[in-house]
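# Residue-level structural notes
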Amino acid sequence: MSELTQTDWLAQAERAAAAVDADKVISLTRELVRIKSVYEPDQGGNETEVVTFLESYLRELGLAPVLEHPQPDRPNLICDWQGSSFESDKHATLMFEGHTDVVTEGDASMWLYPPFAAELVDGIIYGRGSCDMKAGVAAAIEATYAVMQTSPDLAGRIRLGIVCDEEGMMIGIKHFIAQGWADEVDAAIICEPEQQELCLFQKGAMRVTVNVRGVMSHGAMPYAGCNPIVPLAKFIDRVHDFEKAEQARLGEHPELGLPWLTPTILKAPERGEAQNNVMPETAFAALDIRTVPGQDHNEILATLQSIAQEIASSDARLQIEVDCFESRPWTQTSEDASIVRALEAVYPSIMNEPPKYGGVPGATDGTFLHATAGVPIVTIGPGDREVPHQRNEHVDANEVVRSARLYAAAAVYFLLSQAES
């Protein structure tokens, strides 16, 4: 029988939650939003300034952050805190994961408030990255500090993994894993905006390109060439049929909804200027494929390639190549995982309601933590999941504070439960 009971775990968890300083959480969120961290290589924009700020901030809290660079001027920040009774070969590590990059603000004049002013109006923080996901990063940091203050002898470790390029090819989390930082992580909370729902599922994603080559000719004499646009249109039509078949086969997932195979780019010719009286030699399409449990990415790619081969066989002059340059599998965390149980245990006292559940409609850095490194993940954080990337992005300040308190409580409960198991 363990020395501490679940009641003891919950009491200590609630002390950590109560220690979260609401003003500091809100202030840190706003300071992070004010630092423009859009990746703009042509203009020199990247995540460096916000990571430099965070490095200094964490050092002021008594921590020792580490910086690594997956690419020049694109830093990852890793920072550990461990209780005084922590033993690396015996006790667990919980990771809080977030990213520092944000998407472009677009036309700033169309915003209600300047996109990097971090205006606080009627309890709402406005700004690019406020929801996705500087609020989550701030909540994780202040939660860690609250645990430091209330549970200094905790038999466990918290690892902050705050990485670059989540909005791109996710080079940050891939580098984090390759450098071995995930090897000691027993569970991770992905602090993305998911309306404070416990998300045990994430959709998968495939980035697929379709390159069609025919023979260029005069538009008045199409018989002299081989038009790549027509077979590409046939391919897109067949993709739509495949999508409907998959939706019928799998039905609507309770948390993720339907799978989708969405054409997002169509170009002909693939490069250069199009002319109305020229039948192009090439055509190009891009597919954004979102998958759910029950789908295999290799099988999907094989089906698409088979469709392309069948269409191309109609004319010896025709070539169709289908390639997948990025595959992010769907994820599912067991409802019996210790991190799930920890969040469920502390959720009612922090949120004043039973746990709510949801699913992540897109991939996150947690995709690779789970699929590549085998880390159990739960995605949960402040903000409406439909707000990111939109004009007038915003987050409820009180919701950010509640998330910080939830993170602090869950960390204590999880690490205590693992130490006593």
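For the structure, check the block above.
Here, residues in each chain are numbered from 1, in the same order as that chain's written sequence. A pLDDT threshold of at least 70 governs which residues receive local features in this predicted model, and a stricter bar of 80 or more applies before side-chain atom pairs are shown or counted, although totals over entire chains, interfaces and linings include all residues. Hydrogens are left out, water is left out, and the side-chain values use all remaining heavy atoms of the structure.

### Concerning the overall build of the chain
Each helix and strand in the chain was counted, giving 10 helices and 18 strands. For 421 residues, the compact-globule formula gives about 22 Å, and the C-alpha radius of gyration of the chain, at 24 Å, lands near that figure. When its C-alpha atoms are laid out on the principal axes, the chain stretches across 85 × 50 × 40 Å. Taking all 421 residues of the chain together, 54% fall into the buried category. Taking as baseline every contact in the chain between residues at least 6 positions apart, the subset at least 24 positions apart corresponds to 81%. Per-residue accessibility takes into account occlusion by the displayed protein chains alone, with areas from the Shrake-Rupley method and a 1.4 Å probe. Surface accessibility of the chain: about 17,900 Å² in total, with carbon and sulfur atoms responsible for 47%. Note on charges: Lys and Arg go in the positive column, Asp and Glu in the negative column, and His and the chain ends are not counted at all. Charge positions are represented by NZ for Lys, CZ for Arg, CG for Asp and CD for Glu. Put simply, the chain has 31 plus and 63 minus side-chain charges, and the middle of one group is 4 Å from the middle of the other. Comment: elements are numbered from the N terminus, with helices defined as DSSP H or I runs of at least four residues and strands as E runs of at least two. Here the globule rule is a power law, 2.2 Å times the number of residues to the power 0.38, and the radius of gyration is based on C-alpha atoms. Any residue under 20% of the maximum accessible area for its type is buried, any over 50% is exposed, and the rest in between are partly exposed; the area is computed with a 1.4 Å probe on protein chains only. Residues are treated as being in contact if the distance between any of their heavy atoms lies within 4.5 Å.

### Quick notes on the pattern of salt bridges
The term salt bridge refers to a pairing of a side-chain nitrogen on Lys or Arg with a carboxyl oxygen on Asp or Glu at a separation within 4 Å. Applying the stated criterion across every chain, the model contains 24 salt bridges. The partner of Glu197 in a salt bridge is Arg385, and the shortest N-O contact between them spans 2.8 Å. Linking Glu197 in the loop between strand S7 (187-190) and strand S8 (198-202) with Arg385 in the loop between strand S17 (377-379) and strand S18 (394-396), this pair joins segments that are 188 residues apart in sequence. The exposure class of Arg385 is partly exposed, given its relative accessible area of 23%. What you see here is one network of salt bridges that share partners, running through Asp80, Arg157, Arg159 and Glu184.

### Overview of the sheet that holds strand S4 (residues 120-121)
For two strands to be treated as a pair, DSSP must find at least two bridges joining them. The strand order across the open sheet formed by three strands is S4-S5-S18, and the pairing between neighbours is antiparallel. Every interior strand has two partners, whereas the edge strands, S4 and S18, have only one. When S4 meets strand S5 (residues 124-126), the two strands line up antiparallel, connected through two bridges. Residue pairing across strands places Leu120 opposite Ile125, the latter belonging to S5.

### A few points about the packing of helix H3 (residues 48-60) against helix H4 (residues 130-150)
For the pair H3 and H4, the least separation of the axes is 12 Å and the interaxial angle reads 15°. Between H3 and H4, the interaxial angle falls into the category roughly parallel. As for how H3 packs across H4, the hand of that crossing is right-handed. Side by side, H3 and H4 meet where Val50, Leu54, Tyr57 and Leu58 of the first sit next to Lys134, Val137, Ile141 and Glu142 of the second. Each residue receives one of three labels: charged for Asp, Glu, Lys and Arg, nonpolar for Ala, Val, Leu, Ile, Met, Phe, Trp, Tyr, Cys and Pro, and polar for the others, Gly being one of them. Taken together, the residues of the contact of H3 with H4 sort by class into six nonpolar, no polar and two charged. Here an angle of 0 to 180 degrees is reported between the N-to-C directions of two axes, which are lines fitted to C-alpha atoms, with helices fitted over the stretch in contact. An angle counts as roughly parallel when it lies under 35 degrees, as roughly antiparallel when it exceeds 145, as roughly perpendicular when it falls between 65 and 115, and as oblique in every other case. Left-handed describes a crossing in which the near helix is turned anticlockwise from the far one by less than a right angle; the clockwise case is right-handed.

### A short note on unusual backbone geometry
Only a minority of non-glycine residues have a phi that is not negative, and only a minority of peptide bonds are not trans. For the bond from Asp132 to Met133, the omega torsion is -5°, close enough to zero to count as cis. At the junction of Ala268 and Pro269, the peptide bond is cis and its omega measures out at 0° in the coordinates. With respect to the helices and strands, the residue Pro269 is situated in the loop between strand S11 (260-267) and strand S12 (278-279). Of note, the phi angle at Asp73 is positive, near 65°, even though the residue is not glycine. As for its position among the elements, Asp73 is in the loop between strand S1 (66-71) and strand S2 (74-82). Here Asp73 falls in the partly exposed class, since its relative accessible area comes to 48%. Residues other than glycine seldom take positive phi values, yet Ala118 does so here, at roughly 55°. Within the secondary structure, Ala118 is located in the loop between strand S3 (93-99) and S4. What makes Ala118 buried here is its relative accessible area of 0%.

### What to know about the sheet that holds strand S14 (residues 319-328)
With antiparallel pairing, four strands are arranged side by side in an open sheet as S11-S13-S9-S14. Edge positions in the sheet fall to S11 and S14, since each of these pairs with one other strand and no more. Put simply, the sheet's adjacent strands are angled 20° from each other on average, direction ignored. Pairing between strand S9 (residues 204-213) and strand S13 (residues 282-291): 10 bridges, direction antiparallel. By the bridge assignment, Gly204 is partnered in S13 with Thr291.

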